[in-house]
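# Architecture at a glance
So the chains spell out like this:
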Amino acid sequence: MSNKRVPIPPGQISDVLELLHERHRLHLRPGDRFTFEGDMSHGDIVANMTLADPEETEVLTLEARLDLVGNDISNPSDGLSLVMDLLDESFQSFFASGRTWRPSLDWSVYDFGESQVQMRGQVRNVKLDRMADALLAAADIDG
């Protein structure tokens, strides 16, 4: 069995993003955007998804992974569906809570039938992080 990692194809990524946008469109604010990337092998799947506002003051990042071998899943596409289900449910929780739901920073296990998918994530103010980095860099230059 090959453990070569293959990126999720761009066409599949655009399909996922379109479906997410359509499914959650009533909860999206003007300028909100989803991004998605990931890769898979015959051993596992790793997917990263974000939801960001235009100013990047609220960026929800979710990372999910699935051990195909440990879950006895022979088709990576079936595993990707499980990963996408978890990510979709997480966005639903985020929106249903009025955007107050927060994912665990540590890997947590979620059961899907007989399979287990792991996920972690965070909500960050990327704009504020950049401003702090610039301020620290300026202080370092002046110091």
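Here, the structure is the one placed above.
Model, not experiment: these values are computed from the prediction. (Residues numbered from 1 in each chain as written. Predicted model: local features only at pLDDT ≥ 70, side-chain atom pairs only at ≥ 80, totals over all residues. Heavy atoms only, no water.)

### Notes on the pairing of strand 2 (residues 33-40)
Alternating residues of strand 2 divide into Phe-34, Phe-36, Gly-38 and Met-40, all buried, and Arg-33, Thr-35, Glu-37 and Asp-39, none buried. Two elements, strand 1 (residues 6-7) and strand 2, share 2 bridges in a ladder whose sense is antiparallel. Residue pairing in the sheet places Val-6 in a bridge with Met-40 of strand 2. As judged from the 8 bridges shared by strand 2 and strand 3 (residues 44-52), these two strands associate in the antiparallel manner. Paired with Arg-33 across the strands is Ala-52, a residue of strand 3. With antiparallel pairing between neighbouring strands as the criterion, strand 2 and strand 3 make up a hairpin whose turn holds 3 residues. (Buried < 20%, exposed > 50% of the residue type's maximum accessible area, 1.4 Å probe, protein only. Helix = DSSP H or I, 4+ residues; strand = E, 2+ residues; numbered from the N terminus. Pairing = 2+ DSSP bridges.)

### Digging into unusual backbone geometry
For Asp-72, which is not glycine, the phi dihedral falls at a positive 55 degrees. Summarising the element assignment, Asp-72 is placed in the loop between strand 4 (59-67) and helix 2 (76-96). Residue classification places Asp-72 among the exposed residues on the basis of a relative accessible area of 72%. A positive phi is found at Arg-99, a non-glycine position, where the angle reads about 70 degrees. Its location among the elements puts Arg-99 in the loop between helix 2 and strand 5 (108-112). Note on Arg-99: relative accessible area 7%, which makes it buried.

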